[in-house]
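The residues making up each chain are set out below.
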Amino acid sequence: MKTVLSLLIVVLFTVTNLNAKDKMSLGGGLVVSLPMGDFGESANTGFGATAVFELSLMPQLVGVANIGYISYGTDVDEVSFSTVPLLFGVKYFFVPGVGFYGIGQLGFNFFSASVDIPDIGGFGGGSVSTTSTEFTFVIGAGYELPVGSNISLDFNGTFNLISDFNNIQLWAGAKFGL
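Not measured: the values here are computed from a predicted model.

**A look at the overall build of the protein chain**
Thought 1: In terms of regular secondary structure, the protein chain is built from 2 helices and 10 strands.
Thought 2: The buried share of the protein chain, reckoned over its 178 residues, is 35%.
Thought 3: Across the protein chain, contacts joining residues at least 24 apart in sequence account for 55% of those joining residues at least 6 apart.
Thought 4: Carbon and sulfur atoms make up 68% of the accessible area of the protein chain, which totals about 10000 Å².

Laid out in structure tokens, this is it:
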């Protein structure tokens, strides 16, 4: 896993140095995640935040990398789920640089689940947790709205195919040109 991550960072750094700075942007946003299937039976709506880096590759094609944190509630107070998505992909604008776009990403989600065990009469107590790394495929669509010379608002909805953790995510954020 460390080798894959290191290789992706080297590739991103190399591509970044080949392009002009005005073609890069950095931003962040809030995400609402709606779990589906078996995951939806265990977890409630998730809330979190993500950071995004974008690099213009061509007038209508933008490379995208993001990382974030999403926490899911449950119907049982002692049980919690969370994930750290690490994704790389592209946006394709139907009109160069603004308006509607399609997005596709690949990457990993690092899932964590924990259960707090109550102390009953001096027995028990503590917590148990487990982690899992899952390959992720993301497809979706969005809209980008420029609000200044190097600031834009970005909204998207994606379907995240993640083994037994499928979900639909709604994201809203802002980006700033570097």
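**Notes on the pairing of strand S8 (residues 127–146)**
Thought 1: Examined bridge by bridge, strand S5 (residues 98–116) and S8 share 18 bridges and lie antiparallel to one another. When the bridges of S8 are listed, phenylalanine 100 appears paired with tyrosine 143.
Thought 2: Bridge count for S8 against strand S9 (residues 151–161) is 10 bridges, and the pairing is antiparallel. By the bridge assignment for S9, glycine 140 is matched with threonine 158.
Thought 3: Counting the residues that bridge the hairpin from S8 to S9 gives 4 residues.

**Focus on the pattern of salt bridges**
Thought 1: Under the criterion given, the structure shown has 5 salt bridges.
Thought 2: Here lysine 91 ties to glutamate 144 by a salt bridge, and the two come within 3.3 Å at their closest N and O atoms. Taken together, the residues span a long stretch of sequence, with lysine 91 in strand S4 (residues 79–95) and glutamate 144 in strand S8 at a distance of 53 residues. Of the two residues, lysine 91 and glutamate 144, neither departs from the other in class, the shared state being buried.
Thought 3: Glutamate 144 serves as the salt-bridge partner of lysine 175, at 2.5 Å between the closest nitrogen and oxygen. Of this pair, lysine 175 sits in strand S10 (residues 167–177) while glutamate 144 sits in strand S8, and the two are 31 residues apart along the sequence.

**Thoughts on the confidence of the model for the protein chain**
Thought 1: Confidence along the protein chain averages 86 in pLDDT terms, with 87% of residues attaining 70 or more.
Thought 2: For residues 4–8, every residue scores under 50 in pLDDT, and the model assigns this stretch 3 contacts once sequence neighbours within four places are set aside.
Thought 3: Within the model, pLDDT remains below 50 along residues 10–21, and this stretch shows 9 contacts once partners closer than five positions in the same chain are excluded.

**Points about the nonpolar core**
Thought 1: Counting 13 residues, the largest nonpolar core has Phe39, Ala43, Tyr72, Phe81, Phe111 and Phe165 as the members making the most contacts within it.
Thought 2: Of all the elements in the fold, those that place two or more residues in this core are strand S3 (61–72) and S5.
Thought 3: Here this core gets 3 residues from one element, more than from any other, and that element is S3.
Thought 4: Phenylalanine 111 has contacts with Phe39, Ser82, Thr83, Thr130, Thr131, Ser132, Glu134, Ile162 and Phe165, leaving out every residue within four places of it along the chain.

**Brief notes about the sheet that holds S3**
Thought 1: Taking strand neighbours around the barrel as the criterion, the 8 strands line up as S1-S2-S3-S4-S5-S8-S9-S10 in a closed arrangement whose pairing is antiparallel. Each adjacent strand pair in this sheet contributes to an overall mean axis angle of 25°, direction not counted.

Here is what the cut-offs are and how they apply
Residues numbered from 1 in each chain as written. Predicted model: local features only at pLDDT ≥ 70, side-chain atom pairs only at ≥ 80, totals over all residues. Heavy atoms only, no water. Helix = DSSP H or I, 4+ residues; strand = E, 2+ residues; numbered from the N terminus. Buried < 20%, exposed > 50% of the residue type's maximum accessible area, 1.4 Å probe, protein only. Contact = heavy atoms within 4.5 Å. Areas by Shrake-Rupley, 256 points an atom, 1.4 Å probe, with all protein chains shown as cover. Pairing = 2+ DSSP bridges. Salt bridge = Lys/Arg side-chain N within 4 Å of Asp/Glu carboxyl O. pLDDT = per-residue confidence, 0-100. Core = buried A, V, L, I, M, F, W, Y, C linked by side-chain atoms within 4.5 Å. Axes fitted to C-alpha atoms, helices over the stretch in contact; angles between N-to-C directions.

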